[in-house]
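Here are the chains, one letter per residue:
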Amino acid sequence: MKRGCTLPLVGVVFCVAVVIIYRSLEQLQPIGEQESAQLQLLQLRMEHLEQMLRTNNLLVSDLEHSLKASWERGGGARRGGTQRGGVRRGGTQVSGAQMGGAETGGAKGPLPGCPMGEEQRGGAEVQMLDVYDLLPFDNPDGGAWKQGFPIHYRGDEWNNQSLQVFLVPHSHNDPGWRKTFDLYYHDQTRHILDNMVQALTEDPRRTMIWAEVSYFSKWWNDIDAQKRATVKKLLMEQRLELVTGGWVMADEANSHYYALLDQLIEGHQWVQTNLGVKPANGWAIDPFGHSPSMSYLLKGAGLKNQVIQRVHYSVKKHFAQQHLLEFNWRQPWDHAPITDDITCHMMPFYSYDVPHTCGPNPAVCCQFDFHRLPGGRVFCPWRIAPQPISPENVKERALLLLDQYRQKSRLFRTPVLLVPLGDDFRFVDKSEWQNQFSNYQRLFDYMNQSPELHVKAQFGTLADYFKALHRHLDSSQEHLPAVGGDFFTYADRDDHYWSGYYTSRPFYKRLDRTLEATLRGAEILFSLALTESRHLQSTMFPGKELFSHLTSGRRNLALFQHHDAVTGTARDAVVQDYGNRLLSSILNLRQVIQSSAHFLLLSDKSQFNPSQPLLQTDEVIAAHDALPQKTTIKVSDTPRTIVVYNPLEQRRMTVVTITVDTPDVTVVEAQTNRPITAQISAVWEEPTQASSSTFQLSFVVDLPPLSLSVYHVTTSSSGPAPRSQYRVLGSEFQAAGFSVSPVQTESDLSIRNSHLEVFGSAPSGLMQKLRLPSGQVRQVQVQFLWYGTRSDHRDKSGAYLFLPGDEGSKPYDWSQPPVVRVSVGPVFSDITSCFQHVTHTVRLFHIKGHEGRSMQIQNTVDIRSEFNRELVMRLVTDISNGNRFFSDLNGFQMLQRRTLSKLPLQANFYPMTSAAFLQDEEQTRDQSRSRLTLLSAQSQAVAALKPGVLEVVLDRRLQQDDNRGLGQGVTDNKLTQSLFHLLLEEVGVPWGSHLSLLSHLSSLSITHPAVTMATPGISAHPPQLRPFIAIDSSLPCDLHLLNMRTLENQQEAGSPSQEVALLLHRKGFDCSSAPDPEPKCTWSVHEEINLSQVLAPLHLRSLRQSGLTLLQLDDQPVSAQQQEYVHKIPPMEIRAFRVQLQ
């Protein structure tokens, strides 16, 4: 069979390719700089091929084993018929019931019909993993370009094609850093933009780019109609360009992809509505490392090119040597033509300021920053001041500058050169505009009027530059290389790795994700309620008022994605300002959820009165720096109504917990009066002291997708909910009404459900091992550690940098043994260890579904008493992962990491937005591999410094500045909670580059928890409520409803339109692991999905695919197939649709 010939043929092709590369190396005689660069490039490609060959061999081995096992079982994958799950008619659909799987959560074979599972590299010629293996990461003195190398040219390189220089003026305006957003705007930004209009109108040759729409929109609201008309004229003339078009220049390490896209949508929608232009080029010069997830979102938003800056200096040097500074950024799953990828320009030098952008010698380039002319407030640290350009010195000055331009151009493949002109908050004063533009124009006039120089220099925008670049590439038929991977962890000099900000201010990183989840939930419920109100022609629903809360929430979440906000790298007062904005929006968005739920639940909509709220959320947040506290619900024999909102598109079984004033309660489903499994637990006011007036009621709910479910809680003297039983280690406990007994045996420090048994150890209570249903026992230990910082006169850790002491980590020691509580009940069981600096809880839920399959870990951390310390949670396992592990980027994709001994400890920490996993390199005797996955509800730093070990940084308190401009340490620590889910699975593939389906479902659960609301009091005549269910059944397992966002009315600012932005993300997942228990969802073996089917009974009155930011210019024409609402959504892809619901 042809199929049988395919596997060995693949190996032959790889071997032939490797042999050819080796022969090329033998024949190459590296005698100069160019040849040396070619040699390194060939070596890199050879190592890339060898790695692909090793991966291919492992895949072939696993595939052969799977085929053999399938043959022995007597058949291939079982397949189901067509269901409502969304495949096109005649397609094949697979359900959870058809998968099978071991009790440990591993599959006997690959999932049938799984659309993606193997590790994919996407055809990139250069992989960053291979680059890291190749580089020595030394730091020799490069001369004028300290971190680089001497650059030489003959002088005749431009005789046939002149050097084309685009000088691009810019001003980088942080929306908060050392000042708050509003204070920066008042003191600096508004003057920059005012003066920009005047300066550009004075000379048609002048240009400017601007990135931060948050500032631009605030300024736009302040200016008059005449100035607005001038701005639009400059945009139409393409002398002013809005680059990226996001609300902020977003961080790319800590931000979740929902928030990254949402801030991009907010910016693009504002630009479209007010300015009528579409951003085409990205500009990210200050985020501290760069993610391909952001590149993907920019491409999906219609951008064609982007500029990045903060990349490890060794990587920059290597890319410069290989002429890779301009490349096509490739996603690992993408099989579209490489020419469709976004083109990326990497700045080669240390910074984006003027001394580091004109060429390799900052002492020379600083002489051409005319804001530093003698007599001003800013000077050149190299002590050679700029000179005003005059007829007497123009030739000498022009030749000196041209030399830098020529040297810089030798690092690129074309004679088209980008030279940024700007820095932080530049062009505040009118004098700077005049000095920069007039002096540079004199230099350009001289260059352009001297044909022997073979140069054409001008002011320009990014659009001008990239248009010229692509024109040259097309005419010369050159192709830029494809690069795959990311650019973390960033180092700007020496061993100064910027891995500290992955964790700095963890309290606000968690608050950020709380706002994100609340916003998404509010968006969806508001869109559904607004559609319902229009259908019923109800005028009572306060659509415009609630829409204003949504807009404010979108913008505050967007603002916090700024690369000095979610990063935790702003000054204390600025952090407080961000915190107040986050909290304000959380509270307002809860009102949106409460009002929307109120309207949807009422059987008689005429009873809806927005001034008399029916529902309140079950917790309060007293201040921006306080943890949420549960409100106490007073219960009587009159039913108290509890409403639970499931914002997920999947049916879920979960546990809801509320606080009540009596332990004698019972819970029933309101519509059927069916009793609900529940458990009463103590509310611990102190580690050994339980409250006598409040109690924790936890009950199991089975929630349909996108639904509002109604329950009743009443007092019950007969048959109340059972109470937790406690086993304790520690001093005297006071918990009236609960059974409390001392721990006497090892088994007393264990908890179990139908999937796992967790063993704690004395005296810490911390987890030591797990027992699986098969009886197999695996080592999974929890440890806590401290990192300090350097004790000598070297630079120390701060908000940005992680610079641990030479001794590395130290065990967390306690002067007194912790208080340990083991709680056992019918809904959940847990082990809590109360240390001085952290209260640690491991919990198992006694429920069906994926939330019962994982264990929940919660840490409440308080290190406010510490000095220069960082607290770490470490998981020590018996998994043999070698030096490899995976961490996620932005919650969007997983990337392989390698712990390298040639790098310092701090360089081996990476950002973890939502997930990381360890996996066995080799198969066990039963041909399986173990994978330990840690799922996170907040972002933090992660590392796997030793085989089998995974650690995350929980909090950091640092007394000093790390000399990156902030001017302070990080000492405003809060009582902070972090939440994780931990999964142990069996997988079949060697290093599949995706989470398992079970991990995806668990991650969605932890990211988007159910929202609990209660009626504010007991009413004698409560309104009749009926459960609300938006869609008939779960969406396909791998299809995530990213958002359902009501768009603004283009004719009436501040009002909701008839249109909704429907954003769907089809997850790519590891096919080798079938989840146990089986999910109540399906997935399609095809890429086509019928949206009218998956969203039924929601009626789609109209639907049109658009770009990811829903710009009307990106709307696709409606085809015959699209009229049937059948759309192709390949794995990993996000699709956006402009929809009218009915």
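Basis of the calculations
- Residues numbered from 1 in each chain as written.
- Predicted model: local features only at pLDDT ≥ 70, side-chain atom pairs only at ≥ 80, totals over all residues.
- Heavy atoms only, no water.
- Buried < 20%, exposed > 50% of the residue type's maximum accessible area, 1.4 Å probe, protein only.
- Helix = DSSP H or I, 4+ residues; strand = E, 2+ residues; numbered from the N terminus.
- Pairing = 2+ DSSP bridges.
- Phe/Tyr/Trp six-rings, centres within 6.5 Å; stacked < 30°, edge-to-face > 60°.
- Axes fitted to C-alpha atoms, helices over the stretch in contact; angles between N-to-C directions.
- Salt bridge = Lys/Arg side-chain N within 4 Å of Asp/Glu carboxyl O.
- Left-handed = near helix turned anticlockwise from the far one by under 90°.
- Contact = heavy atoms within 4.5 Å.
- Nonpolar A, V, L, I, M, F, W, Y, C, P; charged D, E, K, R; others polar.
- 1 Å grid on protein atoms, 1.4 Å probe; cavity = no way out; pocket = protein on both sides within 12 Å on 5 of 7 lines; lining within 4 Å.
- Points joined across faces, edges and corners; volume = space filled by probe spheres on them.
- Core = buried A, V, L, I, M, F, W, Y, C linked by side-chain atoms within 4.5 Å.
- Lys, Arg positive; Asp, Glu negative; His and termini not counted.
- Disulfide = S-S within 2.5 Å.

Visitor: I'd love a proper account of the pairing of strand S38 (residues 915–919), names of residues and values included.
Guide: Counting buried positions along S38 gives five out of five residues, so the element sits mostly inside the fold. Residues Ala 915, Phe 917 and Gln 919 point to one face of S38 and Ala 916 and Leu 918 to the other, with burial holding for every one of them. Bridge count between S38 and strand S39 (residues 929–936): five bridges; the pairing is antiparallel. In the strand pairing of S39, Leu 918 is matched with Leu 932.

Visitor: With reference to specific residues and values, describe the packing of aromatic side chains.
Guide: Scanning the entire structure with this criterion turns up 55 aromatic pairs. Centroid distance Tyr 296 to Phe 892: 5.0 Å. Interplanar angle 35°. Geometry classified as tilted. Highlighted residues: Tyr 296 in helix H8 (residues 292–300) and Phe 892 in the loop between strand S35 (884–889) and strand S36 (893–898), separated in sequence by 596 residues. Among the residues examined, Tyr 296 registers a relative accessible area of 8% and is labelled buried. For Phe 892, a relative accessible area of 6% gives the class buried.

Visitor: If you had to explain unusual backbone geometry to someone new, which residues and values would you point to?
Guide: For the bond from Phe 488 to Thr 489, the omega torsion is 0°, close enough to zero to count as cis. The topology assignment puts Thr 489 in the loop between strand S12 (482–484) and helix H14 (506–535). One non-glycine residue with positive phi stands out, namely Arg 383, at about 65°. In this structure, Arg 383 sits in the loop between helix H10 (362–365) and helix H11 (394–409).

Visitor: Mind laying out the pairing of strand S21 (residues 689–703), listing which residues take part and the relevant values?
Guide: Examined bridge by bridge, strand S18 (residues 652–660) and S21 share nine bridges and lie antiparallel to one another. Among the inter-strand pairings, Val 655 is bridged to a residue of S21, identified as Val 700. In terms of strand pairing, strand S20 (residues 678–686) meets S21 through seven bridges, oriented antiparallel. Across the sheet, residue Ala 678 finds its bridge partner in S21, namely Phe 699. Here S20 hands over to S21 after two residues, the two strands then running antiparallel side by side.

Visitor: Give a description of the sheet that holds strand S11 (residues 455–459) that names residues and reports values.
Guide: Here three strands make up an open sheet; going across it, the order is S10-S3-S11 and the pairing parallel. In the strand order of this sheet, the two ends are held by strand S10 (416–424) and S11, each with one partner. Averaged over all pairs of adjacent strands, the angle between their axes in this sheet comes to 20°, without regard to strand direction. Bridging between strand S3 (residues 163–172) and S10 involves nine bridges; their strand directions are parallel.

Visitor: Before we move on, can you summarise the sheet that holds S18 with the specific residues and values?
Guide: Ordered by their spatial adjacency, four strands build an open sheet running S16-S18-S21-S20, and the pairing between neighbours is mixed. Both outer strands of the open sheet, strand S16 (632–633) and S20, are each paired with one neighbouring strand and no more.

Visitor: Can you explain the pattern of salt bridges? Please cite residues and give values.
Guide: Overall, the coordinates contain 63 salt bridges when judged by the stated rule. Notably, a salt bridge pairs Asp 369 with Arg 426, separated by 2.6 Å at the nearest N-O pair. Linking Asp 369 in the loop between H10 and H11 with Arg 426 in the loop between S10 and helix H12 (430–448), this pair joins segments that are 57 residues apart in sequence. On the basis of relative accessibility, which here comes to 0%, the residue Asp 369 falls in the buried class. Overall, the relative accessible area of 6% leaves Arg 426 in the buried class.

Visitor: Help me get a handle on the packing of helix H7 (residues 257–275) against H8, residues and values and all.
Guide: Axis separation between H7 and H8 bottoms out at 11 Å; the angle between their running directions is 35°. The element H7 and its partner H8 pack so that their crossing is right-handed. Residue-level contacts link Tyr 257, Leu 260, Leu 261, Gln 263 and Leu 264 of H7 to Met 294, Leu 297 and Leu 298 of H8. For the contact of H7 with H8, the class distribution of residues is seven nonpolar, one polar and no charged.

Visitor: Before we move on, can you summarise empty space enclosed by the protein with the specific residues and values?
Guide: Applying the stated criterion across every chain, the model contains 11 cavities of 30 Å³ or more. Phe 886, Gln 893, Met 894, Leu 895 and Gln 896 are, among the 46 residues lining the largest cavity, the residues nearest its centre. Elements with a contribution of two residues or more to the lining of the largest cavity: helix H3 (128–134), S35, S36, helix H18 (997–1007) and strand S45 (1039–1048). By residue class, the composition of the lining of the largest cavity is 20 nonpolar, 18 polar and eight charged.

Visitor: So what's going on with the nonpolar core? Residues and values would help.
Guide: Judged by nonpolar contacts, the single largest core of 258 residues is most densely connected at Phe 216, Phe 319, Tyr 405, Tyr 440, Phe 487 and Leu 708. The element contributing the most residues to this core is helix H16 (residues 572–601), with 13 residues. Within the second largest apolar cluster, 31 residues are counted, among which are Val 701, Tyr 726, Val 728 and Ala 735.

Visitor: Give a detailed account of the side chain of Lys 317, specifying residues and quantitative values.
Guide: Here Lys 317 is to be found in helix H9 (residues 313–321). Lacking a salt bridge, the buried Lys 317 has Asp 138 as its closest oppositely charged neighbour, with an N-O distance of 5.2 Å. Excluding residues within four positions of it along the chain, Lys 317 makes contact with Pro 140, Gln 147, Gly 148 and Phe 149.

Visitor: An account of the state of the cysteines is needed here, citing residue identities and associated values.
Guide: Inspection of the entire model under this criterion finds three disulfides. There is a disulfide in this structure between Cys 366 and Cys 380, and the S-S distance comes to 2.0 Å. Its S-S torsion of approximately -105° makes the covalent link between Cys 366 and Cys 380 left-handed. One end of the pair, Cys 366, is in the loop between H10 and H11; the other, Cys 380, is in the loop between H10 and H11, and 14 residues separate them in sequence. Given the relative accessible area of 0%, Cys 366 is considered buried. Assessed through its relative accessible area of 5%, Cys 380 is described here as buried. Between Cys 1037 and Cys 1081 runs a disulfide, and the two sulfur atoms are separated by 1.9 Å. The S-S bond linking Cys 1037 to Cys 1081 shows a torsion near 105°; that makes this disulfide right-handed.

Any functional reading would require information beyond the geometric quantities listed.
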